[in-house]
Amino acid sequence: MDIRTLTFKGGTHPPHSKKATEKLQIEKANAPKVVAIPMQQHIGAPCEAIVAVGDEVKVGQKIGEPKGFVSAPIHSSVSGKVVAVEPRLYSGGSKVTCVVIESNMQDTIHESVIPKGKLEDLSADEIKTIIKEAGIVGMGGAAFPTHVKLAPPPGKQLDTVVLNGAECEPYLTADHRLMLEKPDDVVKGLSALMKALSVKKGYIGIETNKPDAIEAVFNAAKGVDGIEVVALKAKYPQGAEKQLINACTGREVPSGGLPADIGVVVSNVGTAAAIANAINTGMPLVERIVTITGKGVKEPKNLLVKIGTSFKEVIDQCGGFNGKPGKVIGGGPMMGIAQFSVDVPVIKGTSGILVLSEEEARLPKASNCIRCGKCVGVCPMNLMPMHLSANALADRFEQAETLHAMDCIECGSCSFVCPAKRPLVDSIRVAKREILEKRKKQQSK
Amino acid sequence: MENTNYIVSSSPHIRSGESTNLIMRDVIIALIPALISGIYFFGFKALTVTALAIITCIATEMAMQKLLGREVTVKDLSAAVTGMLLAFNMPASAPWWMVIIGSIFAIAIVKQLFGGLGHNFINPALAARAVLLASWPVRMTTWPVPGMADAATGATPLAILKEGINYVNGLPVAAGGEMAGQALPNIWNLFIGNVGGCIGETSVLALAIGGAYLLYRGVINIRIPAIYILTVGILAFVFGKFDINYFIYHVCAGGLFLGAIFMATDYSTSPMTVKGQIVMGIGCGLLTFVIRFWGGYPEGVSYSILLMNVATPLIDRFTMPRKFGEVKKSA
Ligand code: SF4
Ligand code: SF4
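These numbers come from a predicted model, not from an experiment.

Caption draft 1: Examining the packing of aromatic side chains more closely. This model, assessed by the stated rule, comprises twelve aromatic pairs over all chains. Considering the side-chain rings of Phe237(B) and Phe247(B), the 5.5 Å spacing of their centres and the 70° angle between planes classify their relative orientation as edge-to-face. Pair noted here: Phe237(B) is in helix α10 (residues 223-239) and Phe247(B) is in helix α11 (residues 244-252), with a separation of ten residues, a long-range link. Assessed through its relative accessible area of 31%, Phe237(B) is described here as partly exposed. A residue is classified by how much of its surface remains accessible, and Phe247(B), at 27% relative accessible area, is partly exposed. With a centroid separation of 5.3 Å and 80° between ring planes, the pair formed by Phe239(B) and Trp294(B) is classed as edge-to-face. One end of the pair, Phe239(B), is in helix α10; the other, Trp294(B), is in helix α13 (residues 274-294), and 55 residues separate them in sequence. Overall, the relative accessible area of 35% leaves Phe239(B) in the partly exposed class. These aromatic residues form a ring-pair network of at least three members: Phe239(B), Phe289(B), Phe293(B) and Trp294(B). The ring of Tyr203(A) is capped by Lys201(A), whose NZ or CZ atom sits 5.0 Å from the centre of that ring.

Spelled out as structure tokens, the structure:
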């Protein structure tokens, strides 16, 4: 294999903690009896439920209609009867309208679900429509509607698609297993994205701690024109959009800009596989691979879970909690969201369910900044986190803004390394929110 | 609803194993070889001075924090490090009251009054040493001769060297000044620390071992110490008219290793940016040599570092890293 190993500047090395699940094959989760499907699983406008209590639905049937361009339709993951349409707590941390469906355990597939034919025979516009209609969003966690990325603002010349297979978040192995078990889907999804954008160059970036995945994807991509598999140094946050682009192409997304500004569209390997699946079978995005792991679960697993299944049900299939759980996280430990309850559904962006033990979850006590500079050294955006944080804590948001607070990607590297255990990102987030508010106010003036 | 008493906090949910306490512990471990060498060459008094400084620093920190209504944080070991460094910058013959005054000044005035750990703008141990040196210059520069702890007559190699170097029968001696003709200690003794000087500054060997440990543990970065020592070395070589002995004495004596490895790298008082650390190293080296060569003092390490400490906030401001994706101005 002739593969380049690339990386970005800065970053840190949290323990990988992937041993528990990296060798475990993806298993199909038990069919849930009830699913609660949130009408907002993505960044952007929520969907409107187009089914009502009492309606019968089938697998793949559209149940949520997007109410804006930056949005993605939502489909039923089971067949059965709608029993409620009501606001419920979801894994984003707030309450949103959910369509609750009681499954009839038949998994009857909806009539609209039909294979879309060969990729060669599909036009760019047809591919875009398939992606849009299948409700495909970024599956790495951010859940940005994919079809929006495929419609760059006029004047932006795109030339490259980068697929994120870095999976730099510790603990998570969902993408790793996917690349290993379905490398052809990943490559096909990338080809589809490239065709949809009429782009000639595609990269798939994978961290070197997954040599088997690199090999599998490399072999699958052999003979496919324009696709290069690149090995990325195992370093956090290698999979962050701007860092990934920088590592693969050497280009830098300008401050405040978008990847499209430098001709790049980034997607995730999970997203690519979902696109391939939508083309091959016609099935929209109704299930995803989730890594359930951490000291707090008895038998960690990689499960293929239907969207809307509750965290609790999924954790129970992994032998339940191991001792008293301290923290339940939707996603990985660096950027995931801590949950108030396990009565929340798995959504399109749920890459993992991580349960930390009480001991691991205990919050460290912050002490004085000792000016060690470690946060400066790891910041992938070359910011000075302790200055940003100090200004934010003193309500000096303008100062924080001139120190480029808005460039912070909230990767958490600074908080992770800080020996004084200062909650740096927390305070920077506050500053960002304040700065955004101010900008909005100024605009409306 | 079932039990929902999970801890909910914002990301990241894991933290590295590093802590302030561990870093300070590593610094203490790194200082132990130099302490051993100090005790070996200057006798038991070196140990009592060091112990007294540590105890006084810790006690002062506790008292000050109680007084100021702050949380008592002596467990972070930073006061112990200050005590150790202060003692290392004093002669083993220093009287007990001087040790106590220095320790109290370092912690109470320089550290706590400016806000505690991380907020002091100059190195507490060095500031205290400067005050002691100004107040009791004789006692602070009366060096015990190694092996004879109480015979207070030793001269430091750099004091002998102050007026340049001469050769008598091929051996280096002082070229001028009061000590004209006095022989310089041999280089092996200089390397292992068997020469006059402060408790912890004489043994290049022991300090280098400590420095290697700190580098290995990632506590310090090599930039400041290496550039500092190199700058002094190059200047000494050039201005010493390429005399190899002159070069060696300037690099190995006068507390350069202690200062470069343990004090110019002090987090609170040195720059955080890469470029800033380079500036710090060069600045310290330049100042040290200027003081030694043209100034009134034979040494110069402590004053140079103190001066650079004062400049640190400025250095940090002007050496901020280029932000990722920042468009270069006037490209
Ligand atoms: S300041 Fe922002 S971008 Fe930099 S390390 Fe911290 S969270 Fe990441
Ligand atoms: S890592 Fe923590 S202690 Fe070190 S400079 Fe940054 S905020 Fe301060």
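Caption draft 2: Here's a closer look at the nonpolar core. One finds Tyr228(B), Phe262(B) and Ile305(B) to be the most contacted residues of the largest nonpolar core, which totals 83 residues. Mapped onto the domain boundaries, this core takes at least three residues apiece from domain 1 (20-140) and domain 2 (154-318) of chain B. One finds Ala174(A), Met194(A), Val229(A) and Ile289(A) within the second-largest nonpolar core, a separate group that totals 51 residues.

Caption draft 3: Inspection of the packing of helix α9 (residues 204-216) of chain B against helix α12 (residues 256-263) of chain B at higher detail. Residues and elements named next belong to chain B. Between α9 and α12, whose axes approach to 9 Å, the crossing angle comes to 15°. Judged by the inter-axis angle, α9 sits roughly parallel to α12. The two elements α9 and α12 cross, and the hand of that crossing is left-handed. Where α9 abuts α12, its residues Val204, Leu207, Ala208, Gly210, Gly211 and Leu214 lie against Phe257, Leu258, Ile261 and Phe262. Tallied by class, the residues present in the contact of α9 with α12 amount to eight nonpolar, two polar and no charged.

Caption draft 4: Geometry of the sheet that holds strand β5 (residues 56-57) of chain A. Residue and element names in this part refer to chain A. An order of β3-β9-β8-β5 is seen for the four strands of this open sheet, with the pairing classed as antiparallel. Both outer strands of the open sheet, β3 (34-38) and β5, are each paired with one neighbouring strand and no more. Bridge count for β3 against strand β9 (residues 95-103) is five bridges, and the pairing is antiparallel. From the neighbouring strand, Ile37 faces β9, where its bridge partner is Val99.

Caption draft 5: Inspection of the pattern of salt bridges at higher detail. Residues and elements named next belong to chain A. According to the stated counting rule, one finds 27 salt bridges over all chains in the structure shown. The shortest N-O distance in the salt bridge between Lys301 and Glu299 comes to 3.8 Å. Through salt bridges with shared partners, one network takes in Glu398, Glu401, Lys438 and Arg439.

Caption draft 6: Fine view of the pairing of strand β8 (residues 80-89) of chain A. Residues and elements named next belong to chain A. Where β5 lies against β8, two bridges are found, and the strand directions are antiparallel. Bridging across to β8, Val57 finds its partner in Gly80. In the sheet, β8 pairs with β9 via nine bridges, with the strands oriented antiparallel. Within β9, the position partnered with Ala84 by the bridge is Val100.

Caption draft 7: How the structure looks around the site of ligand 1. All names here are of chain A. Close to ligand 1 lie 13 residues, the nearest being Cys379, Cys408, Cys411, Gly412 and Cys414. Here ligand 1 is seated within the second largest cavity. At the level of secondary structure, the elements contributing two or more residues to the shell around ligand 1 comprise α14 (413-417) and α15 (424-444). Looking at the shell around ligand 1, its residues break down into ten nonpolar, two polar and one charged.

Caption draft 8: Region of interest: the confidence of the model for chain B. Model confidence for chain B is summarised by a mean pLDDT of 88, while 93% of its residues fall at 70 or above. Interface confidence for the predicted complex, given as ipTM, is 0.86, next to a pTM of 0.89.

Caption draft 9: Spotlight on the interface of chain B and chain A. Between chain B and chain A, the residue contacts involve 42 residues of the former and 65 residues of the latter. In total, about 4,500 Å² of surface goes out of reach between chain B and chain A, with carbon and sulfur atoms giving 57% of it. If you sort the residues of chain B by the area they bury against chain A, Tyr6(B), Met272(B) and Phe324(B) come out on top, with a joint share of 20%. Between chain B and chain A we count four salt bridges in total. The residue Lys374(A) makes a salt bridge to Glu18(B) at a minimum N-O spacing of 3.2 Å.

Caption draft 10: Highlighting the domain arrangement of chain B. Residues and elements named next belong to chain B. Annotation of chain B at the domain level lists domain 1 (20-140) and domain 2 (154-318). Distance from the C-alpha centre of domain 1 to the C-alpha centre of domain 2: 21 Å. Taken together, the 33 residues of domain 1 in the interface contact 33 residues of domain 2. Ranking the residues of domain 1 by area buried against domain 2 places Phe41, Phe42 and Leu126 at the top, with a combined share of 20%. At the surface where domain 1 touches domain 2, the tally comes to one salt bridge. Between Asp26 and Arg217 there is a salt bridge, with the nearest N and O atoms lying 2.8 Å from each other. Connecting domain 1 to domain 2 are seven residue pairs in polar contact (both at pLDDT 80 or more).

So, how was this worked out
Residues numbered from 1 in each chain as written. Chains lettered and ligands numbered in written order. Predicted model: local features only at pLDDT ≥ 70, side-chain atom pairs only at ≥ 80, totals over all residues. Heavy atoms only, no water. Phe/Tyr/Trp six-rings, centres within 6.5 Å; stacked < 30°, edge-to-face > 60°. Helix = DSSP H or I, 4+ residues; strand = E, 2+ residues; numbered from the N terminus. Buried < 20%, exposed > 50% of the residue type's maximum accessible area, 1.4 Å probe, protein only. Lys NZ or Arg CZ within 6 Å of the ring centre and 35° of its normal. Core = buried A, V, L, I, M, F, W, Y, C linked by side-chain atoms within 4.5 Å. Domains from an automatic or database assignment. Axes fitted to C-alpha atoms, helices over the stretch in contact; angles between N-to-C directions. Parallel < 35°, antiparallel > 145°, perpendicular 65-115°, else oblique. Left-handed = near helix turned anticlockwise from the far one by under 90°. Contact = heavy atoms within 4.5 Å. Nonpolar A, V, L, I, M, F, W, Y, C, P; charged D, E, K, R; others polar. Pairing = 2+ DSSP bridges. Salt bridge = Lys/Arg side-chain N within 4 Å of Asp/Glu carboxyl O. Near = heavy atom within 4 Å. 1 Å grid on protein atoms, 1.4 Å probe; cavity = no way out; pocket = protein on both sides within 12 Å on 5 of 7 lines; lining within 4 Å. Sits in = over half its atoms within 2 Å of the grid points. pLDDT = per-residue confidence, 0-100. Buried area = accessible area lost by both parts, 1.4 Å probe. Polar contact = N/O pair within 3.5 Å; in protein donor to acceptor, adjacent residues only side chain to side chain.

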